[in-house]
Structure formats: C-alpha cells, structure tokens
Amino acid sequence: MYITGTNQNLYYSDYSNGGYLTKLDLKTLKAEVLVKQPVTNLKVSDNYLMYNVQTKEHKLKIN
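Residues numbered from 1 in each chain as written. Predicted model: local features only at pLDDT ≥ 70, side-chain atom pairs only at ≥ 80, totals over all residues. Heavy atoms only, no water.

## Some points on the sheet that holds strand β7 (residues 56-61)
Ordered by their spatial adjacency, three strands build an open sheet running β5-β6-β7, and the pairing between neighbours is antiparallel. Across the chains shown, the open sheet's two edge strands, defined by having one partner strand only, are β5 (40-45) and β7. Averaged over all neighbouring strand pairs, the angle between strand axes comes to 20°, with direction disregarded. With four bridges connecting them, β5 and strand β6 (residues 48-53) associate as antiparallel partners. Residue pairing across strands places Ser 45 opposite Tyr 48, the latter belonging to β6. (Pairing = 2+ DSSP bridges. Helix = DSSP H or I, 4+ residues; strand = E, 2+ residues; numbered from the N terminus. Axes fitted to C-alpha atoms, helices over the stretch in contact; angles between N-to-C directions.)

## What to know about the nonpolar core
Tyr 11, Leu 21, Val 35, Val 39, Leu 42, Leu 49, Tyr 51, Val 53 and Ile 62 together form the largest nonpolar core, which totals nine residues. In terms of residue count, the dominant contributor to this core is β6 (three residues). (Core = buried A, V, L, I, M, F, W, Y, C linked by side-chain atoms within 4.5 Å. Buried < 20%, exposed > 50% of the residue type's maximum accessible area, 1.4 Å probe, protein only.)

## Focus: the pattern of salt bridges
Taken as a whole, this structure holds one salt bridge when the rule is applied. As a salt-bridge pair, Lys 23 and Glu 32 come within 4.0 Å of each other at their nearest N and O atoms. Overall, the relative accessible area of 24% leaves Lys 23 in the partly exposed class. (Salt bridge = Lys/Arg side-chain N within 4 Å of Asp/Glu carboxyl O.)

## A closer look at the environment of Asn 47
Its location among the elements puts Asn 47 in the loop between β5 and β6. Since its relative accessible area comes to 45%, Asn 47 is described here as partly exposed. The sequence separation of Asn 47 and Lys 59 amounts to twelve residues, and the corresponding C-alpha distance is 9.8 Å. Those residues in contact with Asn 47 that sit more than four places away from it in its chain are Leu 60, Lys 61 and Ile 62. (Contact = heavy atoms within 4.5 Å.)

Listed below in structure tokens is the structure:
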C-alpha cells in the first residue's frame, strides 16, 4: 500500500478498491476517490501530490 499525508488528509492507493487514489479527511473520516486508476509512489511536494500511474508520474494540486 502506498500512503502519504498532509495536515488533515491522508492520500493512499486503496487496494480494496482497485488501487485507486483515495483521500481520507481525518476530521470527518470521509473518503473520496480522486483518480480511478491504480496508483503507486505517492508523495507530497510543494502543495502537490505526486503519484505514478503505471510508469508515468502525475501531480495533483492539494490545499
């Protein structure tokens, strides 16, 4: 499982849901699927969530 986090959110590859990129709000415990593809190599850098889909790196702006 790949997982990383920021102040109030966890971002992870949800292998019980196809490995999709999922965000979990730690205050509300609400989970939201952000990318409906299997993702790997999650990391946060300069307000961006970096992740791989297959071998291609992507980034997603986060608050």
